[in-house]
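# Examining the three-dimensional arrangement
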Amino acid sequence: MKNKKLVFIICGMVILCALWGVRYHSLNSHFREMYSQNTREEYSLNELVEFGENKDRNGFAYPGYSVAVQNFEIYDRADFEAKYGVNFDDYADSIYAVPGKVAVVSIRFENEGSDAECLRLDGFVLHGVDSYFYPEFPFTNVINPSLGDAMGITVADGHQCELELVYFLNEFRLSSSVWKNIDDYKMWLNVTSYPTDKEILLQQ
């Protein structure tokens, strides 16, 4: 009886392993196929980038929306605080590390025919060759009072709006050579990820 029970347990484990293997292979095949068909497009400052049917890093598509980066600046902490009237010490309990530098991306959003309820801002990833940075909230909200507490926007059809997205640049996340030459570090803003990877070159 014990031997029969053991056989059932072993058979069950074999079946589960087989099912897991099939699922693992299926998922890997899906993502390999999806990303192998990716094409990449690079845009410049002030060049309009259409979302089309492409999806951002969060997997959302916003057909009808377009964006253009109007300006990109990297500030030392003190310069950022002085320009935007922000004191990072006031937010010490809500941020994991006070940044040494702050990047600000000025973006124009345009809507021509989209009925999307909300365009999420956390999908706009700032990155270099081997480093990635996400918009920082609530600081993006602080310098854009019209956002309130929101992490996304809705632009009426046929209209546009302008926002500044805030990104923290911390020394411990970059190599010493990159940190010393951060103003010459090649950086992009990722707009969509697949099937077309659309990126805006910010500095080179």
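Anyway, here's the lowdown on the structure attached to this text. Just so you know, the residues in each chain are numbered from 1, in the order the chain's sequence is written. Local features in this predicted model are restricted to residues whose pLDDT is 70 or higher, and side-chain atom pairs enter the listing and the counts only when it is 80 or higher, whereas totals over whole chains, interfaces and linings include all residues. Water and hydrogen atoms play no part in the side-chain values, which are based on all heavy atoms of the structure.

## Overview of the overall build of the protein
When you go through the protein residue by residue, the secondary structure sums to four helices and eleven strands. Partly exposed residues are those whose accessible area sits between 20% and 50% of the maximum for their type, while under 20% is buried and over 50% is exposed, using a 1.4 Å probe and protein chains only. Counting the 204 residues in the protein, one finds 42% classified as buried. Contacts in the protein between residues at least 24 apart in sequence constitute 71% of all its contacts with a sequence separation of at least 6. Here, Shrake-Rupley sampling with a 1.4 Å probe gives the accessible areas, and only protein chains in the shown set may cover a residue. Accessible area of the protein: about 11800 Å², with a carbon and sulfur share of 53%. Per the convention used, a helix needs a DSSP run of H or I reaching at least four residues, while a strand needs a run of E reaching at least two, with both numbered from the N terminus. Two residues form a contact once any of their heavy atoms are found within 4.5 Å.

## Some remarks on the packing of aromatic side chains
For Phe, Tyr and Trp, where Trp contributes only its six-membered ring, two rings pair if their centres lie within 6.5 Å, and the inter-plane angle classes them as stacked under 30 degrees, edge-to-face over 60, or tilted in between. Considering all chains together, one arrives at twelve aromatic pairs under this definition. Summarising the aromatic geometry, the rings of phenylalanine 51 and tyrosine 62 are spaced 5.4 Å apart at their centres and angled 85 degrees between planes, so their arrangement reads as edge-to-face. Here the residue phenylalanine 51 occupies a position in the loop between β2 (49-50) and β3 (65-76), and tyrosine 62 occupies one in the loop between β2 and β3, the gap between them amounting to eleven residues. Aromatic ring contacts, followed pair by pair, group Tyr75, Phe80, Tyr84, Phe88, Tyr91, Phe139 and Phe168 into a single cluster. We note lysine 101 situated over the ring of tryptophan 179; from NZ or CZ to the ring centre the distance is 5.7 Å. Any Lys NZ or Arg CZ that is within 6 Å of a ring centre and within 35 degrees of that ring's normal is treated as a charge sitting over the ring.

## A closer look at the nonpolar core
Residues Phe109, Leu119, Leu121, Phe124, Leu126, Tyr167 and Leu189 are the most contacted members of the largest nonpolar core, which totals 36 residues. Elements that contribute at least two residues to this core include exactly β3, β4 (101-111), β9 (160-169), α4 (176-180), β10 (187-192) and β11 (196-203). With sequence-adjacent residues up to four places away left out, leucine 189 is seen in contact with Val69, Val105, Ile107, Phe124, Val125, Leu126, Tyr167, Lys198, Glu199, Ile200 and Leu202. Residues Phe80, Val86, Val104 and Phe168 belong to the second largest nonpolar core, which totals twelve residues. Nonpolar cores were defined as sets of buried Ala, Val, Leu, Ile, Met, Phe, Trp, Tyr and Cys residues, with membership established by side-chain atoms within 4.5 Å.

## Looking at a negative patch on the surface
Here the term patch refers to residues with relative accessible area over 30% and no salt bridge, with like charges joined within 9 Å and nonpolar side chains (Val, Leu, Ile, Met, Phe, Trp, Tyr) within 5 Å. Criterion for a salt bridge: a side-chain nitrogen of Lys or Arg within 4 Å of a carboxyl oxygen of Asp or Glu. Counting rule for charge: Lys and Arg are taken as positive, Asp and Glu as negative, and neither His nor the chain ends is counted. Lysine's charge is taken at NZ, arginine's at CZ, aspartate's at CG and glutamate's at CD. Taken together, the side chains of Glu112, Asp115, Glu117 and Asp157 define an acidic patch exposed on the protein surface. Locating aspartate 157 in the fold gives a position in the loop between β8 (152-153) and β9.

## Structural notes on the sheet that holds β4
Two strands pair under a simple rule: DSSP has to find at least two bridges between them. Spatially, β2-β3-β4-β9 is the arrangement adopted by the four strands of the open sheet, whose pairing is antiparallel. Whereas interior strands pair on both sides, the edge strands pair on one side only; in this sheet they are β2 and β9. Pairing between β3 and β4: eleven bridges, direction antiparallel. Bridge assignment links alanine 68 to a residue of β4, and that residue is arginine 108. Each of β3, β4 and β9 is contacted by helix α2 (residues 77-84), which is oriented at about 120 degrees to β3, the strand it contacts most. Working convention: axes come from line fits to C-alpha atoms, limited for helices to the stretch in contact. Angles between N-to-C directions cover 0 to 180 degrees.

## Observations regarding the sheet that holds β11
Spatially, five strands are ordered β1-β11-β10-β6-β7 in an open sheet, and the strand pairing comes out mixed. Only two strands of the sheet have a single neighbouring strand rather than two, namely β1 (39-43) and β7 (132-133). By the bridge criterion, five bridges tie β1 to β11 in an arrangement that is parallel. Across the sheet, the residue bridging to glutamate 41 is lysine 198, located in β11.

## Quick look at the side chain of asparagine 170
Examined against the element boundaries, asparagine 170 turns out to sit in the loop between β9 and α4. With near-sequence residues (within four places) excluded, asparagine 170 lies in contact with Tyr96, Ala97, Val98, Pro99, Gly100 and Trp179.

## Let's talk about the pairing of β4
With eleven of eleven residues buried, β4 is to be regarded as a mostly interior element. Of the two faces of β4, the one carrying Lys101, Ala103, Val105, Ile107, Phe109 and Asn111 and the one carrying Val102, Val104, Ser106, Arg108 and Glu110 are both buried. Note that β4 and β9 share ten bridges and pair antiparallel. Its bridge partner lying in β9, valine 104 is registered against valine 166.

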